[in-house]
Amino acid sequence: MADASYPRTPGSFQSTSGASINQDIISVKNLQLPAGVVAPDVWGKPKEQPALLTITLVLNGGFASAASKDALDGSTIHYGELSKRIRSACGEQGQTAGDVSAHAERVICEMARKGEGKFIVARSVVEVNLPKASMYGDGATLINTTEYDEAGRARAAQRVFVVKEVKLMLLVGVNGYERTAKQPIIAGVWLYLGESADGKESGSAQTAALFNLEQTLVQITQDTSFETLESLADFTVTQLQKRLLSDMLPGSQVQLRFEKPRAIAFADAPAVEVFRQTPCGGSAKRVLPTGTPAIEPDADGTTAEQELSVIRPYV
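First things first, this report covers the structure right here in the doc. What you see is a predicted model, and the numbers here were worked out from it, not measured in a lab.

### A short note on the overall build of the protein chain
Looking only at helices and strands, one finds seven helices and 10 strands in the protein chain. Put simply, the protein chain has 315 residues, and 48% of those count as buried. Long-range pairs, those at least 24 residues apart, make up 66% of the contacts in the protein chain with a sequence separation of at least 6. Here the protein chain has roughly 15400 Å² of accessible surface; of this, 50% comes from carbon and sulfur atoms.

Here you go:
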């Protein structure tokens, strides 16, 4: 099944063109934080909710020294200490996914800096998973990947928003019996985020668009009746761009995967996958997709869209 780490971001093993594929990686999976994270819930309202943090560190030069001594030294990262420091930094009430990611990256940089100016992390991947931010799937995940030079300066960064294991019931198939009833389709969407058309961040509007992605996917697919997954995938990604991405997230790249678990008896599922680039020429007017629930003021008079700006670091 597709998950937030597919395709794998940490190592991204190089080809056999002569470059080395040797890599040493330290990771901590699903670290529970002492305080929740404020993010849109399944109804679009910003609420505090649980978050799980996964950290993956690709080491610069590897941990051969620690391995040869069978002892921790300056070639590696103490994952127990890393976890303690991150939990200590991420205990504030009202923190956002952006806050958590920033705190984690700060701790990583502190622990990666060793004596004599040595910096031992080549790439960090910080994944903030929000299991309660999805109505139909296994949650929403926000991923920050940063590459560092030997001095510890960030030289490249990538942000990805993921909805995974979205369970759809669709009419799809070429066989006669498949035309009589809907069957389960498992969807996953990865958005590799770019700049908006004007080169600036759009704050709460883009954030609302990200967390509306799953609902938009459901709206697009629920009344389709294609015979092939190929047609379904091509239609769906085109509609995602038209309804959501071109206006709200121009310049982003989208990866869409559909799995059909009931199609082959002796396999988990066949799947199709498409990658598309969203043009940067989005219209100046930015509106939420058709069917987005009306934004109503909370008791204090603040609308959800206004409050969504609290996670602006991810848009």
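After presenting the structure, the write-up continues.
### Focus on the packing of aromatic side chains
Considering all chains together, one arrives at three aromatic pairs under this definition. Judged by centre distance (5.2 Å) and plane angle (50°), the rings of Phe119 and Tyr148 are tilted. Taken together, the positions of Phe119 in the loop between α3 (97-112) and β5 (121-130) and Tyr148 in strand β6 (residues 140-148) put the pair 29 residues apart, joining distant regions of the chain. Judged by centre distance (5.3 Å) and plane angle (70°), the rings of Phe161 and Phe211 are edge-to-face. In this pair, Phe161 sits in strand β7 (residues 154-170) while Phe211 sits in helix α4 (residues 204-211), placing the two residues 50 residues apart along the sequence. Of the two residues examined, Phe161 and Phe211, each falls in the buried class.

### Details of the packing of helix α2 (residues 79-89) against α3
The geometry of α2 relative to α3 is characterised by a closest axis approach of 9 Å and an angle of 140° between their N-to-C directions. On the basis of their axis angle, the class for α2 and α3 is oblique. Like other packed secondary-structure pairs, α2 and α3 cross with a definite hand, here right-handed. Taken together, the residues of α3 that come into contact with α2 (itself represented by Glu81, Leu82, Arg85, Ile86 and Ala89) are His103, Ala104, Arg106, Val107, Ile108, Glu110 and Met111.

### A closer look at the environment of Phe258
With respect to the secondary-structure elements, Phe258 resides in strand β9 (residues 253-259). Between the alpha carbons of Phe258 and Ile186 there is a distance of 5.7 Å; along the sequence they are 72 residues apart.

### Points about the nonpolar core
One finds Leu53, Leu82 and Phe258 to be the most contacted residues of the largest nonpolar core, which totals 66 residues. With residues near it in sequence (within four places) discarded, Leu82 still touches Val28, Ile55, Leu57, Ile77, Val107, Ile108 and Met111.

### Here we look at helix α6 (residues 229-248)
The end-to-end C-alpha distance of α6 is 27 Å, a good match for the 28 Å that 20 residues give at a rise of 1.5 Å each. Along α6, the largest kink reaches about 50° and is centred on Gln241. Buried within α6 we find Leu229, Leu232, Ala233, Thr236, Val237, Gln239, Leu240, Gln241, Leu244, Leu245 and Met248.

### Some words on the environment of Ser252
Mapped onto the elements, Ser252 comes out in the loop between α6 and β9. The spatial distance from the C-alpha of Ser252 to the C-alpha of Thr278 is 5.4 Å, given a sequence separation of 26 residues. For Ser252, the side chain forms a polar contact with the main-chain oxygen of Leu249, separated by 2.7 Å.

### Points about unusual backbone geometry
Positive phi outside glycine occurs at Asp70, with the angle close to 55°. Structurally, Asp70 is set in the loop between α1 (64-69) and α2. With phi around 60°, Glu116 is a residue other than glycine that occupies positive phi space. With respect to the helices, strands and loops of the structure, Glu116 is situated in the loop between α3 and β5. Residue classification places Glu116 among the exposed residues on the basis of a relative accessible area of 88%.

About the criteria used
Residues numbered from 1 in each chain as written. Predicted model: local features only at pLDDT ≥ 70, side-chain atom pairs only at ≥ 80, totals over all residues. Heavy atoms only, no water. Helix = DSSP H or I, 4+ residues; strand = E, 2+ residues; numbered from the N terminus. Buried < 20%, exposed > 50% of the residue type's maximum accessible area, 1.4 Å probe, protein only. Contact = heavy atoms within 4.5 Å. Areas by Shrake-Rupley, 256 points an atom, 1.4 Å probe, with all protein chains shown as cover. Phe/Tyr/Trp six-rings, centres within 6.5 Å; stacked < 30°, edge-to-face > 60°. Axes fitted to C-alpha atoms, helices over the stretch in contact; angles between N-to-C directions. Parallel < 35°, antiparallel > 145°, perpendicular 65-115°, else oblique. Left-handed = near helix turned anticlockwise from the far one by under 90°. Core = buried A, V, L, I, M, F, W, Y, C linked by side-chain atoms within 4.5 Å. Expected span 1.5 Å × (residues − 1). Bend = angle between axes of the 7 residues up to and from the residue. Polar contact = N/O pair within 3.5 Å; in protein donor to acceptor, adjacent residues only side chain to side chain.

Note that every value here comes from positions in space, so none of it alone points to a role or purpose.
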